[in-house]
Amino acid sequence: MRRVRYHQNGGPEVLRLEETDVPAPGPGELLVRTEAVGVTLPVVRKVRGGGLPLPASLGGEVAGEVVATGPDVTGFAVGDRVTGLCFGDGYADYSLLHAAMASPVPEGATATDAVALVRCGLVARGAYAAARPAPGESVLVTGAASGAGHLAVQLSKVLGAGRVVAAVSSAAAGAKAAFLRELGADHVITYDDLADGPVDRWGGAVDIVLDAVGGELLSPAVAALAPGGRLVAYSSGGGTIEAYDLLAGAKSAIGFQMALIARNHPELMEQWRLELWELFAAGRLRPRVHAELPLEDAAQAHELIESRANLGKVVLRPA
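Here the structure is a predicted model, which means the values were calculated and not measured. (Residues numbered from 1 in each chain as written. Predicted model: local features only at pLDDT ≥ 70, side-chain atom pairs only at ≥ 80, totals over all residues. Heavy atoms only, no water.)

## Structural notes on the packing of helix α1 (residues 41-49) against helix α10 (residues 298-307)
Thinking step 1. Contact pair α1 / α10: the axes reach a minimum separation of 10 Å and the direction vectors enclose 105°. As far as their axial angle goes, α10 and α1 are roughly perpendicular. The segment α1 lies against α10, with Leu41, Val43, Val44, Val47 and Arg48 engaging His302, Ile305 and Glu306.
Thinking step 2. In the contact of α1 with α10, the residues fall into five nonpolar, one polar and two charged. (Axes fitted to C-alpha atoms, helices over the stretch in contact; angles between N-to-C directions. Helix = DSSP H or I, 4+ residues; strand = E, 2+ residues; numbered from the N terminus. Parallel < 35°, antiparallel > 145°, perpendicular 65-115°, else oblique. Contact = heavy atoms within 4.5 Å. Nonpolar A, V, L, I, M, F, W, Y, C, P; charged D, E, K, R; others polar.)

## Examining the packing of aromatic side chains
Thinking step 1. Within this structure, the stated rule accounts for one aromatic pair.
Thinking step 2. Between tryptophan 277 and phenylalanine 280 the ring centres are 5.5 Å apart and the planes differ by 85°, which places this aromatic pair in the edge-to-face class. Taken together, the positions of tryptophan 277 and phenylalanine 280, both in helix α9 (residues 266-281) and three residues apart, correspond to about one turn of that helix.
Thinking step 3. A relative accessible area of 22% places phenylalanine 280 in the partly exposed class. (Phe/Tyr/Trp six-rings, centres within 6.5 Å; stacked < 30°, edge-to-face > 60°. Buried < 20%, exposed > 50% of the residue type's maximum accessible area, 1.4 Å probe, protein only.)

## Notes on the sheet that holds strand β4 (residues 56-57)
Thinking step 1. Taken in spatial order, the three strands of this open sheet run β2-β1-β4, and their pairing is antiparallel. For this open sheet the edge positions go to β2 (15-19) and β4, each flanked by a neighbour on one side alone.
Thinking step 2. In terms of strand pairing, strand β1 (residues 2-6) meets β2 through five bridges, oriented antiparallel. Bridging from a neighbouring strand, arginine 3 pairs with glutamate 18 of β2. (Pairing = 2+ DSSP bridges.)

Quick look at the structure:
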């Protein structure tokens, strides 16, 4: 089978397509013929310098058909269509999924639908829940045109937000604005606008910030909060927040990590997963795919993510 690995840290140019044997599933594992792979910013950042032993494989969101099961697997069988998070060779023709991390893809949904909706949707849904929203509160979403961000914009509206502000980088800002307004955003601003402080044209301060960017954007994001507001950080971008900036307005900063929910509250993750598919089936949640590329174009997929010009999800199609 083919897989993508990297032997040194760097940009998209370090990715290499290699040939290797198809793996055998171990205890609790599913062997999946990979039909779609979701490309994410955290994986792109790991290639740049994530501290993994080299050479390293690229994990990520995958979807496809189960072709073999390991010992002790229950609830799945050969022929099932599944999606889940792969920690090994995700950019590959075949991937190993832990059964505990897998979920079924419903009839009528494609593998691309699954990788565009489930993992990013769970992150967006969980981040919104972590903010403890009240009906009618206003929400600002950073990284709003990304795979998770564009779902966070939609979910905020669907789940009762009164006003949704979408914040994006300046790259392709015009296209992003049209894209996000079509998905329900009330206002679309750039990070430069955010740094200048809340202004009347986007309604002023907000109750909640769902931050997928981090870094230098954290301070202006906290400044955009109304008194008592909450910022939920779910990015891998780092950054710091001054304690006084929180104290002055009785604001809160909350960290959210989906892995902790998966380990400690699997029933909640399953509830959110079912909710996502129900909203998808009803046409109320529309995952968007910016590009579908063949596996051998993994470098181009990473370039798209790094350029911050994507509108929605970037997907690799091994099959």
